[in-house]
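# Observations on the three-dimensional arrangement
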Amino acid sequence: MSGYRMMMLGPPGAGKGTQAKRLAQELEIPHVSTGDMLRDAKRRDTELGREAAEYMNAGKLVPDEVVIGIVAERLEQDDAAQGFILDGFPRTRPQAEALTDMGVELEAVINIEVSDEEVVRRLGGRLSCPECGAVYHKEANPPSQDDVCDKCGNRGLVTRDDDRPEAIKQRLASYHRQTAPLVEFYEQRGVLEAIAGEAGPDEVTQEILDRLAD
Ligand code: AP5
């Protein structure tokens with residue numbers, strides 16, 4: 001199973017990043033996360049990072065032209081030639097159209113379905129490693145040692161700036177208004193795979209792999 005051009009769709013906290021990392025490893029294709037790229041720019045305090053931070057911290061989407069530019073640049077890199085997993089892009093209709101204009105036809109769009117209540121529960125308990133981007137949950141998926149990243153050993157797991165209750169509310173509103181319409185967009189193109197996302201992470205991974213193998 002290689003050569004996939006696929007995308008993870010779903011509300012904030014649906015488990016897109018968790019699943020995309022596992023699939024990228026299993027399918028040996030790069031994980032291209034716009035959220036991770038923007039957070040990296042924020043951390044390095046670049047011009048892009050400073051511009052994006054204002055939108056991200058408020059739970060709003062970064063302007064289309066900014067995100068389209070960074071994705072276009074990323075997909076031109078050699079490691080993306082054999083496929084990739086987009087995570088968090090596209091999330092507006094203009095972004096989806098821009099992807100088509102880049103010559104990218106997605107073969108699978110994995111739509112992870114979870115309720116708004118589950119989103120609030122998951123994001124309210126999420127812990128992230130600022131060094132390597134690994135993601136944990138205080139109850140569902142805690143690190144083996146308190147406050148230490150299992151993946152890179154960094155001490156000091158953090159709550160993301162946009163995982164505050166007001167920002168979560170705004171992100172859910174942005175999702176329903178701007179991103180949910182993409183479900184129909186990709187359904188019409190015959191590439192949408194709806195996945196029940198409230199099961200445990202291992203079951204969700206298996207369900208996605210089974211669908212891709214069909
Ligand atoms: P982004 O980083 O893409 O955030 P998001 O879409 O809101 O998604 P999250 O990263 O919050 O959640 P996720 O679905 O990856 O869930 P996770 O696996 O972490 O974007 C952040 C911001 O950047 C945006 O708000 C916007 O400002 C900007 N941005 C990014 N892309 C953009 C674009 N294209 N256009 C414009 N702006 C853009 O899991 C969540 C938690 O649940 C974790 O604690 C995890 O351990 C736990 N969990 C995961 N799966 C399960 C499970 N099955 N059962 C129980 N717990 C689980």
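## Focus: helix α6 (residues 116-124)
For α6, every residue scored as buried is listed here: Glu-118, Val-119, Arg-122 and Leu-123. Along the long axis of α6, the arc covered by the buried residues comes to 120°, so they all point the same way. Buried residues belonging to α6 abut β5 (126-128), β6 (135-137) and α7 (165-179).

## Observations regarding the side chain of Thr-179
For Thr-179, the position within the fold is in helix α7. Among all residues touching Thr-179, those that are not within four sequence positions of it are Leu-9, Arg-91 and Ser-174.

## Structural notes on the site of the ligand
For the ligand, the set of nearby residues contains 36 residues, the closest of which are Thr-18, Lys-60, Gly-88, Arg-126 and Arg-171. Gly-15 has a polar backbone atom sitting 3.0 Å from an oxygen atom of the ligand. A distance of 2.9 Å is found between a nitrogen atom of the ligand and a backbone nitrogen or oxygen belonging to Ala-199. Coverage of the ligand by the protein chains reaches 96% of its 1000 Å² of free accessible surface.

Each value, and the rule that gives it
Residues numbered from 1 in each chain as written. Predicted model: local features only at pLDDT ≥ 70, side-chain atom pairs only at ≥ 80, totals over all residues. Heavy atoms only, no water. Buried < 20%, exposed > 50% of the residue type's maximum accessible area, 1.4 Å probe, protein only. Helix = DSSP H or I, 4+ residues; strand = E, 2+ residues; numbered from the N terminus. Arc of directions from axis to C-beta. Contact = heavy atoms within 4.5 Å. Near = heavy atom within 4 Å. Polar contact = N/O pair within 3.5 Å; in protein donor to acceptor, adjacent residues only side chain to side chain. Areas by Shrake-Rupley, 256 points an atom, 1.4 Å probe, with all protein chains shown as cover.

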